[in-house]
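# Results of the structural survey
Given next are the chains, with one letter for each unit.
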Amino acid sequence: MTTVTRNPDGPTSRWRQRTVLAATAILLMSAAAACASSGTSGSDEAEAQEKQIAWTSCDGLGEEFQCAKVEVPLDWNNQDGKKIELAVIRHLASHPDQRIGSMFVNPGGPGQSGVDLVRNSADDFDTWGAGRFDLVGWDPRGTNASTPVQCFTNSDDQDQFWRGVSIPNTPAESEAYANKVTELAQRCGQLSGDLLSHITTADTARDLDRLRELVGDQKITYVGLSYGTMIGQTYANLFPDRVRAIMLDGVVDPVDESTSMETNISNAISGADQVLEQFIAQCQEAGPERCALAGHGETVGQRVAALFAKARQAPIPAPHADPPGELTATDLQVSTFNPLRVPLTWPAFAQNLEDAVNGDASALEITVQALAAPESSPGFYTSAAISCGDAPARVPLSAWPAQIARFSNSGILDGTLLGWTLWAPCAANWPANATGRYTGPWDAKTETPLLVMSARYDPGTPYPNAEVAQKRLGNAVLVTLESFGHPSYQVPSKCMDDLRVQYLTDLVTPPNGTVCQPDQGPFD
C-alpha cells in the first residue's frame, strides 16, 4: 500500500511547471467571524477564536504557504487528558475569488508526510481543485514533524542498531533479523509509551475531523492516496454527515487492513506479480528499439525468468553500487518495488534488468540499498506502528519460517519485503493496546458519492479492492484507468484529470464503471 511520491525534479515527473499565482491572504471562515458579524457576546467570540489555526509563514516557502502546529488529544476518549501535536501546512487557493473551501490530502504510507506532499506538489493538487481550494496537508500523529513514534534516542544509536542489517536472504540472516525486530519493538515501547496505542487510522480520522472544524468547513473535501484511502473510508464511516467530497485513488480494502496483519499483507502483496507480467508483455510489444530486454533470441518473459533463476543460484555482482556489492535473489525481488508502481520508469527499469542479465546489477542494487535498509526508510517504524495498531498480528514471530514462506508464495515479489518490514515487528509482541481502532461497518451512506479511482493493474493496492470498495461503501462510484501504476495518477490521463476536477469542484460524478484511457503507454 505504500505510496511512492513522484519527485517533481526527477526524470519521470509529469508535475506541471506553472507560475504560482500570487495568493491573496484569506481569512478563515471561522466561527469567530460569524459571531462577530451577528453581534454575539465577547465570551462566545473568544471561545470561537480558540477554534482556529494559528497559521504562520513556512520556512523557505512563498507567501502562498502557511504552516502551523495543532494540539489534539492523545486519547480521543479522554479529550481533557494528555495532548500531542500535529504539523499542518496549507497552500492558499490560487483563485481565491472562487474559493470553495479547504481540500485535505494524504499521500499514504502509512506514515508518509502530508506536509511534504503539499510542500512539494501543491501545484498539481491545486489543479485538481481548479485553484478553488486551500490545500491542507498534515503529518498524521506518530509521524514526521507531528509528535513522532520514537524508537531510538538519537541517529547514532539508530545507525549502530541497524548497521549491516538488510532484508534477510538466508535462514541465518532471517533469525538475526527476527531478533532485531524483537528488540526494536521493545525499544519503541520504552521510548514511545502510550502513543503506540493511539496512532490507529481511527485516531487519525478524528484528528482530520478536528482539522476540518478548525479551518471552518462544515463538511470535508478530502483526497486520499494509497493508505490515505483507508483514512478516507474510515472518516466516511465515522462521520458520514460531514462529507462533502472524498476521492480515493489506489484503494485499500479496510476489512483486510483491519482484520489482522496477516490479512493486511496478503492483500497488499497480491498485485505486484500480475503487474510484472504486464511489464513483460508491454516490453515484448515495444520491441528492442524501446525496451532493452526485447530482441535477444528469446521472449522477454524467458529473459526475466532466467535472471531470477540466475540470482537464486548465486548473487550477481554490483561493482558500481555504493558500496560495491552483490544483488541477491531477495534483492532482485525488492528492486521491483518502486518501478512497478511508476510505469513511466519502465524503460529505465528494463535497461537495469538487462544490465543484470549481462552480469552487472549495480543499478538494481543501488535502488535496493535505498529501499531495503531500515535506517534509510524514515517511515519504517511509523508505518509498522500504525499498521500494528490497526491490525495486530495473530501469528507469533517465532513462526516466521512458515509465515514468511506463506507471504512469499502468495506474493513472489513483495511477500518477503512486506513480511519482514510490516508483519515481523507486529508479530514481535508489539507493545500497543489500540482499543480505539475501527473495524467497521464500512457501508455508511454519504450524501455525495465517494469517487473511487484505480488503475486496472495496481501493484500496491490490487484492483479488486476498488471494486469491493465501490460495492461495500454506502454511496460510491468506480472509475478505472485502463493502465498500470499505484496510485492511478502516476500515469498521465486527461480523462482521469477531468473527472477529478469535475468531482472535487462541482460534485459531479461520472457513471459507475467509467473507464479512462491513458495519454501514453509505459514504453511510448
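No experiment lies behind these values; they were computed from the predicted model shown.

### Looking at the state of the cysteines
One pass over the full model with this rule turns up five disulfides. Across the disulfide, Cys 151 is cross-linked to Cys 188 (sulfur-sulfur distance 1.9 Å). Measuring handedness by torsion sign, the sulfur bridge of Cys 151 and Cys 188 sits at about 100 degrees and is right-handed. Taken as a pair, Cys 151 in the loop between strand S5 (133-138) and helix H4 (155-162) and Cys 188 in helix H5 (residues 171-192) lie far apart in primary sequence, 37 residues in all. Its relative accessible area of 0% is what places Cys 188 among the buried residues. With a sulfur-sulfur separation of 1.9 Å, Cys 388 is cross-linked through a disulfide to Cys 426. Looking along the S-S bond of the Cys 388-Cys 426 disulfide, the torsion reads about -95 degrees, which is the left-handed sense.

### Some points on the packing of aromatic side chains
Between two aromatic rings, the relevant description is the distance of the centres plus the angle of the planes. One pass over the structure, following the stated rule, counts 18 aromatic pairs. With centroids separated by 5.4 Å and ring planes inclined at 90 degrees, the aromatic side chains of Phe 279 and Trp 346 adopt a geometry described as edge-to-face. Linking Phe 279 in helix H10 (residues 272-286) with Trp 346 in helix H14 (residues 346-357), this pair joins segments that are 67 residues apart in sequence. Put simply, the rings of Phe 152, Phe 161, Trp 162, Tyr 177, Tyr 381, Trp 400 and Trp 420 pair up and form one aromatic cluster. Residue placement shows Lys 180 over the ring face of Phe 161; its charged tip is 4.1 Å from the ring centre.

### Things to note about the sheet that holds strand S3 (residues 83-91)
Strands in a sheet are paired, the pairing made by backbone hydrogen bonds, and the direction either parallel or antiparallel. The strand order S1-S2-S3-S5-S4-S6-S7-S10-S11-S12 describes an open sheet built from ten strands, whose pairing is mixed. One side of each edge strand has no neighbouring strand; the edge strands of this open sheet are strand S1 (56-57) and strand S12 (514-516). When strand S6 (residues 220-225) meets strand S7 (residues 243-249), the two strands line up parallel, connected through six bridges. Its bridge partner being in S7, Ile 220 is matched across the sheet by Val 243.

### Describing the side chain of Thr 201
Inspection of the secondary structure assignment puts Thr 201 in helix H6 (residues 201-215). Among the polar contacts listed, one links the side chain of Thr 201 to the side chain of Asp 390, at a separation of 2.4 Å. Excluding anything up to four places from it in sequence, Thr 201 contacts Tyr 227, Met 230, Ile 231, Thr 234 and Asp 390.

### A look at the pairing of strand S10 (residues 450-457)
Summarising burial for S10: six of the eight residues are buried, a large majority. Where S7 meets S10, three bridges bridge the pair, whose relative direction is parallel. Within S10, the residue paired with Leu 248 across the bridge is Val 452. Relative to strand S11 (residues 476-484), S10 is paired through seven bridges, and the arrangement is parallel. Bridge pairing in S11 links Ala 455 to Leu 481. In this view, the connection linking S10 to its parallel neighbour S11 by way of helix H19 (residues 463-472) has right-handed handedness.

### Points about the packing of helix H17 (residues 400-410) against helix H18 (residues 415-427)
Where H17 meets H18, the axes come as close as 7 Å, and the angle between the chain directions of the two elements is 135 degrees. Between H17 and H18, the crossing angle belongs to the class labelled oblique. Note on packing geometry: the crossing formed by H17 with H18 is right-handed. In contact with Trp 400, Gln 403, Ile 404, Phe 407 and Ser 408 of H17, H18 contributes Gly 415, Thr 416, Gly 419, Trp 420 and Trp 423. The residue makeup of the contact of H17 with H18, split by class, is five nonpolar, five polar and no charged.

Cut-offs and rules
- Residues numbered from 1 in each chain as written.
- Predicted model: local features only at pLDDT ≥ 70, side-chain atom pairs only at ≥ 80, totals over all residues.
- Heavy atoms only, no water.
- Disulfide = S-S within 2.5 Å.
- Helix = DSSP H or I, 4+ residues; strand = E, 2+ residues; numbered from the N terminus.
- Buried < 20%, exposed > 50% of the residue type's maximum accessible area, 1.4 Å probe, protein only.
- Phe/Tyr/Trp six-rings, centres within 6.5 Å; stacked < 30°, edge-to-face > 60°.
- Lys NZ or Arg CZ within 6 Å of the ring centre and 35° of its normal.
- Pairing = 2+ DSSP bridges.
- Polar contact = N/O pair within 3.5 Å; in protein donor to acceptor, adjacent residues only side chain to side chain.
- Contact = heavy atoms within 4.5 Å.
- Right-handed = clockwise from strand over helix to strand, strands pointing away.
- Axes fitted to C-alpha atoms, helices over the stretch in contact; angles between N-to-C directions.
- Parallel < 35°, antiparallel > 145°, perpendicular 65-115°, else oblique.
- Left-handed = near helix turned anticlockwise from the far one by under 90°.
- Nonpolar A, V, L, I, M, F, W, Y, C, P; charged D, E, K, R; others polar.

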